[in-house]
Amino acid sequence: ADPSLGLGNWCSKMRCSYNQIQQGQTPPRNLTQDQIKRLGEIGFKWKLACRTTFEQQHYNDLESFKIDFGHCNVPSRYSVHCNVPSR
């Protein structure tokens, strides 16, 4: 395991690898059946209920951005809470 990888980031990568395995793909990060079993035994959540809501909110925000600015080229420092994009 990469010691510089934060716990949240590591969990996200485990979920991503698991989802790729479920879709018949080979993930870049090796995730064994033993690891899947051990994580499941401690109650690891492979799918987060709030993720869909979170992604839907970003979709809605992007849709609003396009209506306001006429494009989807959102600046990296743009915040939904601020109506003026940073340049």
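Residues numbered from 1 in each chain as written. Predicted model: local features only at pLDDT ≥ 70, side-chain atom pairs only at ≥ 80, totals over all residues. Heavy atoms only, no water.

A.B. asks: Summarise the overall build of the protein; cite the residues concerned and give the values.
C.D. replies: Along its length, the protein carries three helices and zero strands. The buried share of the protein, reckoned over its 87 residues, is 20%. Excluding contacts between residues fewer than 6 apart, the proportion of contacts in the protein whose partners are at least 24 apart in sequence is 26%. Within the structure as shown, the protein displays about 7200 Å² of accessible surface, and the carbon and sulfur contribution to it stands at 52%. (Helix = DSSP H or I, 4+ residues; strand = E, 2+ residues; numbered from the N terminus. Buried < 20%, exposed > 50% of the residue type's maximum accessible area, 1.4 Å probe, protein only. Contact = heavy atoms within 4.5 Å. Areas by Shrake-Rupley, 256 points an atom, 1.4 Å probe, with all protein chains shown as cover.)

A.B. asks: So what's going on with helix H1 (residues 7-22)? Which residues, and what values?
C.D. replies: Here H1 contains 16 residues, and its C-alpha end-to-end distance of 22 Å stays within 8% of the 22 Å for a straight helix at 1.5 Å per residue. Where H1 is buried, its residues contact helix H2 (33-41). In the segment just after H1, glycine 24 is the residue with positive phi, at about 80°. (Expected span 1.5 Å × (residues − 1).)

A.B. asks: Please provide a residue-by-residue account of the nonpolar core, values included.
C.D. replies: Core analysis: the biggest nonpolar cluster contains eight residues, these being Cys11, Met14, Tyr18, Leu31, Ile36, Leu39, Phe44 and Trp46. Broken down by secondary-structure element, the contributors of at least two residues to this core are H1 and H2. Excluding anything up to four places from it in sequence, methionine 14 contacts Arg29, Leu31, Leu39, Phe44 and Trp46. (Core = buried A, V, L, I, M, F, W, Y, C linked by side-chain atoms within 4.5 Å.)

A.B. asks: Which residues make up the pattern of salt bridges, and what values go with them?
C.D. replies: Under the criterion given, the structure shown has one salt bridge. A salt bridge links lysine 37 to glutamate 41; its shortest N-O distance comes to 3.6 Å. One end of the pair is lysine 37 and the other is glutamate 41, both in helix H2 and four residues apart, which spans about a single turn. For the pair lysine 37 and glutamate 41, one class covers both residues: exposed. (Salt bridge = Lys/Arg side-chain N within 4 Å of Asp/Glu carboxyl O.)

A.B. asks: I'd like a rundown of the packing of aromatic side chains, residues and numbers included.
C.D. replies: Applying the stated criterion across every chain, the model contains five aromatic pairs. Measuring from ring centre to ring centre gives 4.2 Å for tyrosine 18 and tryptophan 46, while their planes differ by 20°; the resulting arrangement is stacked. One end of the pair, tyrosine 18, is in helix H1; the other, tryptophan 46, is in the loop between H2 and helix H3 (49-69), with 28 residues separating them in the sequence. The buried category is assigned to tyrosine 18, whose relative accessible area is 17%. Look at tryptophan 46 and you get buried, because its relative accessible area is 14%. Measuring from centroid to centroid gives 4.5 Å for phenylalanine 65 and phenylalanine 69, while their planes differ by 40°, and the two rings are tilted. Of the two residues, phenylalanine 65 and phenylalanine 69 both sit in helix H3, four residues apart, roughly one turn of that helix. By relative accessible area, phenylalanine 65 is classed as buried at 2%. Here the aromatic residues Tyr18, Phe44 and Trp46 are joined through ring pairs into a cluster of three or more. (Phe/Tyr/Trp six-rings, centres within 6.5 Å; stacked < 30°, edge-to-face > 60°.)

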